[in-house]
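Observations on the model geometry
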Amino acid sequence: MDTRLRVLLILLSSLVAGAHGADAKQCSRFVTAQMRANAVANAGKLEWAATEQRNAVAAADRWASMTDEQLWAIVPSQELPRDIHVSQAIGCPNCGKAIDKFGNYPWTVDFWNRPWTIQCPNCKSIYPKNDFYAFYKTALDEHGMFRHELGDRSLLFNADHPDPKAPLHKVYVDDGYGMFDEKGNKFVAIAYYVWLGQWQAVRSAIGALSRAYTLTDDRKYAYKTAVLLDRLADVYPEMDLDNLAKVGFPRSYAGPPYLGRIEDHGWENDVVWLVAHAYDYVFEGIQGDQELVDFCARQSQKYKLADKSSIAVICKHIEDNLLVDMLKSYKDDRISGNTARIRNPAAAAIALDRGPETEQWLDYVFSPGFPNERYGGGTGNSIPWMLIEGVDRHGMGNMSAGYGRFVSSTMRDLADVLCAYPDYRKHDVVADFPKLKQCFLIDARLNCLDAAVPNIGDAGATGGWYRGGNVTQFVRGYRYYRDPRMAALAAHFAEGDAGKYRLPEDIYEADPEALAGGIAAAVKDEPFRLHCEHLGRYGQAVLQTETPQEGRALWINYGYGLGHSHADCLNIGLYAKNLDMLPDLGYPEYTGQSWPNRFAWNSHSVSHNMLLVNDTACGGSPGGRINLFAVDPPLRVMDVSSKTAYPGLRTYRRTVALVDISDTDSYVFDVFRARGGKNHRLIYNGPAQTATVAGLQLQPQATGTFAGENVKFAEFYDGDVIGYHGSGFMYLYDVERSGKPVDTYLTVDWKGEDLRGRIAEGKEPHLRLHALSPCDEVALASGDPPQNKVGNLRRLRYVIRSRLGENVTSQFVTVLEPYDTAPFVKQVRRLQVEHDADPDSVTAVAVDLADGTTDIIISCEERTSVKVEGGVGFDGQFGMIRVVNDQVKTMRMCNATLLRKGEAELTAPVAAYEGTVTAIDISDPLNNRVMLAPPLPQDDGLIGKVIHFQNDLPLDTSYDIKAITADGISTGDITIIRSFKDNADFAAGYNYLVNPGDRYAVPIVVGRDF
Ligand SMILES: [Zn+2]
Ligand SMILES: [Zn+2]
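Before going into details, it helps to say that this report is about the structure given with it. Keep in mind that what you see is a predicted model, and the values were worked out from it rather than measured.

Check the secondary structure of the protein chain and you find 21 helices and 41 strands. Against the 2.2 N^0.38 benchmark of 30 Å for 1010 residues, the protein chain shows a C-alpha radius of gyration of 31 Å, consistent with a compact globule. Its C-alpha atoms put the protein chain at 95 × 75 × 50 Å along the principal axes. Burial status across the protein chain gives 60% buried among its 1010 residues. Of the contacts made within the protein chain by residues no fewer than 6 positions apart, 67% connect residues no fewer than 24 positions apart. Just so you have it, the protein chain exposes about 36900 Å², and 51% of that area is on carbon and sulfur atoms. A gap of 1 Å separates the mean positions of the 104 positive and 129 negative side-chain charges of the protein chain.

Below you can see the structure in the form of structure tokens.
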């Protein structure tokens, strides 16, 4: 440590300890004095570090150049409302719903050049039409806080119509509480500006100034940060969203109470994160700063505020009225401590850094009672609960795609936060909770084709591709675990650019190149291969090609207990020809409970590629189980069932296979079986607004919707918006119907459309659906994706095949053919089968390809002995035969003992290895062991295969076999712990996903190429 630094530290500790007690904060924790010194030194000798420092200074100087008084005055107060929607019902006062195509929060704001106004990105109109700032200044009370009733109302008029007699004199005039058009419709222009303009400015300033201090050690930036934090601490105790809800600003989520502080109770966490870091960053930089004391004391006197007579008092003011007040807000839920947020109170407690008091707050986030009675007792949300149950065995959070990944990222951040505070020794998240490691890997496992996380639940835009993962998270993971998989992922995501291994925090290191160098050394030169993945509780299984180039990926959803889920059990998706061929609608227009098309359409089963039963949605995230998951190209097949999708159903089960016909093309074979309930309707939506039907004449329905000729679009004919359990059919319009039962083969072809530039010049991607099974009606209808997501199509065309009646039994057979320009399937035929099982449990089809090849596909619900026309014998669950020029070229069979056509034959002594679990051993978290009777053969070929544990849990308990032992298998570092036995008493032990007495099955895949 250099002398200058040591002197500063001695000075600091004497000042602080003398000022307010031995437990007072002593030093910065997240970026220490040594780290600041490293950053300055690095910027002096390394070009990238100098650039980082320069950029930080440039971002901060805009704020630093403001006078102290100006900076202080940008912080608004409680009674200036903030809202996130100007008018959900109308949109823009001038161009209406046309603004929706610019996203959920479309209005633009410009703090620097157009303060106190918002602009429509579509028609460029600017609102409000009055000079709000003139009014604002007159409405400030003696403490400098906005009090609506104090303002000079003579200043409230439309500046374009200053004549009081003009009809528009008072139109589009906002006093902070909303403006009105000629018809009296309300728009909250200023509240939107306050949210996205004014408060964001405050946050940007705090962030930029405090970061500049850490990279320069220049106390000027610490000073300016403190000006803002001190003022924020003046206004923060009053900040409360519920009090604003009472005057008409409820934000978007359900209440009352409408919980929150500056932001709603979820988003307020970002404010906590910012304030905790900024205060801690600049703490050392403001010690002994008399100029700061003088300014704060002067403001305090002028505005009749609290005592600001010393740095210690100012620090205590910031700590008590920001950090402690925020921490207390977790207890009353004004700040949400739900699953996605836990890093933030931990950061606040560490920034507070008051010895025993900080220890108590950290104990609190580790305790079963965290955060409050609303969550406690039943579900928990504390760090131990999160890392035992809240995050699943694959490291995915307990929510839909985007939200679940956010939960996982929060857990990764938590590791970084707690590492900054070694004084707390009761828990070590990295050592004590081995599952945390999976949070660093999960994003890459969620991707299809290394390019897109499926839109499961409230996530993404319709047909949008969003890749999960980034270099930084894999590098951070490597820093903790030294796992070569993380180095490999970092290298893959960096696309060979080792410069990208550098973390934002490396600049604070004495050797800032050490970690990046370690990664570079650990990376092996291996080709990147895609894997077929199945993620148990999250419930995403993917069959995909081995390389992403011209790749195809088929996914199915069977998630259990996920927040923000849709009613989408056994929904499928397909990425092919660079398009999302079965686009899920994804994130709804708005997530409010009362937004009509959210539950009745967007998240309803009716808008998904799945089977609708009883003309109502299935349960949200009811869970399903994989019965078969087999990969042996050209065949990849999975079979998933759910006992809980619809109450009372005897069967709800889907078998899907991805079958390659070349390096660039595959088709999908899809069998949906269901027993029980009324009206089975199998629904698909392709990637286009129109679809062409061949093999069937459809009659346009003159009026109405799929709900009937007399039911108008969006008319709630079978239930209320709140608590809706109806069909959702009123959202399907432009209906065409067969008007009679259909028992012939037909096809539906969508010529893919895309507004995101995914279709390359000269390409013409299509999806063609081949429908084989008889049904009572075939209908086409249009339905709308959310209209406020950039790039969403105006509508999609749906095909609905219905089998009507009570206690229906169905076996829907479908082939999906994604092709470019010219189809590769000539036709699909149903083949005659002979067997003793339920007729709806077995099907065989021939897929005749354009090049003369014929594939014979046999699917049985359970292992069945079957004779198929054309001299085919089969005994098993799933079989495939490829015939070229009357010669059998390829055979595959899964969970089967026999497949034969003519002379060509495949046999296996057993279809699956089966038996009973005798014991489990979790003593080594890197080697979770399950003992089996009988044990599996000592065959390395079984490593990587899937073992299904059969039990009564509603979620899937299939695992990849990582190792074969003498007495069983290892699942490697994928845990078999399901949850705590008692969320109120972590010492009471665990529940497991696999238990002695469970049956197990390892279906065998056998293949032969002739
Ligand atoms: Zn407009
Ligand atoms: Zn969905």
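What follows is about the pairing of strand S27 (residues 842-849). In terms of burial, S27 is a largely internal element, eight of the eight residues being buried. Residues of S27 alternate between two faces, with Val842, Ala844, Ala846 and Asp848 on one and Thr843, Val845, Val847 and Leu849 on the opposite face, all of them buried. Across seven bridges, the pairing between S27 and strand S28 (residues 854-868) is antiparallel. Across the sheet, the residue bridging to Ala846 is Ile856, located in S28.

Okay, the coordination of the zinc ion (ligand 2) next. On the protein side, the zinc ion (ligand 2) has His566 (ND1), Asp584 (OD), Asp584 (OD) and His608 (NE2) as donor atoms, found 2.0 to 2.4 Å from it. Classification of the site at the zinc ion (ligand 2) as irregular follows from its four donor atoms and the range of 54 to 170° in their angles at the metal. As a motif over one chain, the donors of the zinc ion (ligand 2) read H-x17-D-x23-H. Of this pair, His566 sits in the loop between strand S8 (553-557) and strand S9 (572-576) while Asp584 sits in the loop between strand S10 (579-580) and helix H21 (596-602); the two residues are 18 residues apart in sequence, bridging distant segments of the chain.

Turning our attention to the packing of helix H14 (residues 383-390) against helix H15 (residues 401-419). Packing of H14 against H15 leaves a shortest axis separation of 12 Å and a crossing angle of 135°. As summarised for this structure, H14 and H15 are arranged oblique, according to the angle between their axes. In the packing of H14 onto H15, the handedness of the crossing is left-handed. Facing H14, whose interface residues are Ile383, Met386 and Leu387, H15 presents Val407, Met411, Leu414 and Leu418. Of the residues belonging to the contact of H14 with H15, the class tally is seven nonpolar, no polar and no charged.

Another aspect to go through is the coordination of the zinc ion (ligand 1). By definition of the ideal shapes, a tetrahedral metal site with four donors has angles of 109.5 degrees and an octahedral site with six donors has angles of 90 or 180 degrees. Listed as protein donors to the zinc ion (ligand 1) are Cys92 (SG), Cys95 (SG), Cys120 (SG) and Cys123 (SG); their distances from the metal cover 2.2 to 2.3 Å. In this structure, the zinc ion (ligand 1) is surrounded by four donor atoms whose angles at the metal cover 102 to 117°, and the resulting shape is tetrahedral. Written as a sequence motif, the donor arrangement for the zinc ion (ligand 1) is C-x2-C-x24-C-x2-C. Of this pair, Cys95 sits in the loop between helix H4 (68-73) and strand S1 (108-110) while Cys120 sits in the loop between strand S2 (114-119) and strand S3 (126-127), and the two are 25 residues apart along the sequence.

Here we come to the sheet that holds S9. The five strands are arranged S6-S7-S8-S9-S10 in an open sheet whose pairing can be described as antiparallel. A strand with exactly one partner marks an edge of an open sheet, and here the two such strands are strand S6 (533-535) and S10. With three bridges joining them, S6 and strand S7 (residues 540-544) adopt antiparallel strand pairing. In the strand pairing of S7, Glu533 is matched with Val542. Packed onto the sheet, helix H17 (residues 436-446) meets S6 and S7 and runs at close to 125° relative to S6.

One pass over the structure, following the stated rule, counts 47 aromatic pairs. A ring pair is formed by Phe949 and Tyr959, whose centres lie 6.0 Å apart and whose planes are at 65°; its orientation type is edge-to-face. Linking Phe949 in strand S34 (residues 946-950) with Tyr959 in strand S35 (residues 958-960), this pair joins segments that are 10 residues apart in sequence. Here Phe949 falls in the buried class, since its relative accessible area comes to 1%. Take Tyr959: its relative accessible area is 2%, and that puts it in the buried class. Following the ring pairs from residue to residue traces out a cluster consisting of Trp116, Phe132, Tyr133, Phe135, Tyr136, Phe146 and Tyr193. Between Arg479 and the ring centre of Tyr480, over which it is positioned, the NZ or CZ distance is 5.4 Å. The lysine or arginine in question, Arg758, covers the ring of Trp465, its NZ or CZ lying 3.8 Å from the ring centre.

For the structure shown, the criterion picks out 68 salt bridges. The shortest N-O distance in the salt bridge between Arg29 and Asp423 comes to 3.0 Å. Here Arg29, found in the loop between helix H1 (3-20) and helix H2 (33-45), pairs with Asp423, found in the loop between H15 and helix H16 (429-432); they are 394 residues apart in sequence, far enough to count as distant. The partly exposed category is assigned to Asp423, whose relative accessible area is 42%. A salt bridge links Asp416 to Arg479; its shortest N-O distance comes to 3.0 Å. With Asp416 in helix H15 and Arg479 in helix H18 (residues 471-481), this residue pair connects regions lying 63 residues apart in the sequence.

Here we take up the sheet that holds strand S37 (residues 968-970). Spatial ordering of the open sheet is given by S35-S34-S40-S32-S33-S37-S36, a layout of seven strands whose pairing is antiparallel. Across the chains shown, the open sheet's two edge strands, defined by having one partner strand only, are S35 and strand S36 (963-965). Within the sheet, the average angular offset between the axes of one strand and its neighbour, ignoring direction, is 35°.

The next thing to look at is the nonpolar core. A general feature of soluble globular proteins is that nonpolar side chains tend to end up buried together. Trp63, Val429 and Leu436 are the most contacted members of the largest nonpolar core, which totals 160 residues. When residues of this core are assigned to their parent elements, the largest contribution, 17 residues, is made by helix H6 (residues 189-216). Dropping the residues within four chain positions of it, Val429 is found in contact with Phe366, Ile383, Leu387, Leu414, Ala415, Leu418 and Leu436. If you look at the next biggest cluster of nonpolar residues, it comprises 72 residues, including Tyr558, Leu579, Ile683 and Tyr684.

Now for the pairing of strand S15 (residues 666-675). The buried count for S15 comes to 10 of 10 residues, which makes it a mostly enclosed element. On S15, burial covers both faces: Ser666, Val668, Asp670, Phe672 and Ala674 on one face and Tyr667, Phe669, Val671, Arg673 and Arg675 on the other are all buried. Bridge analysis of strand S14 (residues 651-660) against S15 gives 10 bridges, and the strand direction is antiparallel. In the strand pairing of S15, Leu658 is matched with Val668. Turn length for the S14-S15 hairpin, with the two strands adjacent in sequence and antiparallel, is five residues. Pairing geometry for S15 and strand S24 (residues 809-820), over eight bridges, is antiparallel. Across the sheet, Ala674 pairs through a bridge with Ser810, a residue of S24.

On to the environment of Asp483, then. Relative to the helices and strands, Asp483 resides in the loop between H18 and helix H19 (484-494). Between the C-alpha atoms of Asp483 and Lys437, which are 46 residues apart in sequence, the distance is 9.2 Å.

Conventions adopted
- Residues numbered from 1 in each chain as written.
- Chains lettered and ligands numbered in written order.
- Predicted model: local features only at pLDDT ≥ 70, side-chain atom pairs only at ≥ 80, totals over all residues.
- Heavy atoms only, no water.
- Helix = DSSP H or I, 4+ residues; strand = E, 2+ residues; numbered from the N terminus.
- Rg over C-alpha atoms; globule rule 2.2 N^0.38 Å.
- Buried < 20%, exposed > 50% of the residue type's maximum accessible area, 1.4 Å probe, protein only.
- Contact = heavy atoms within 4.5 Å.
- Areas by Shrake-Rupley, 256 points an atom, 1.4 Å probe, with all protein chains shown as cover.
- Lys, Arg positive; Asp, Glu negative; His and termini not counted.
- Charge placed at Lys NZ, Arg CZ, Asp CG, Glu CD.
- Pairing = 2+ DSSP bridges.
- Donors = N, O, S within 2.8 Å, 3.2 Å for Na, K, Ca; no water.
- Tetrahedral: all angles 85-135°; square planar, octahedral: opposite > 155°, others 65-115°.
- Axes fitted to C-alpha atoms, helices over the stretch in contact; angles between N-to-C directions.
- Parallel < 35°, antiparallel > 145°, perpendicular 65-115°, else oblique.
- Left-handed = near helix turned anticlockwise from the far one by under 90°.
- Nonpolar A, V, L, I, M, F, W, Y, C, P; charged D, E, K, R; others polar.
- Phe/Tyr/Trp six-rings, centres within 6.5 Å; stacked < 30°, edge-to-face > 60°.
- Lys NZ or Arg CZ within 6 Å of the ring centre and 35° of its normal.
- Salt bridge = Lys/Arg side-chain N within 4 Å of Asp/Glu carboxyl O.
- Core = buried A, V, L, I, M, F, W, Y, C linked by side-chain atoms within 4.5 Å.

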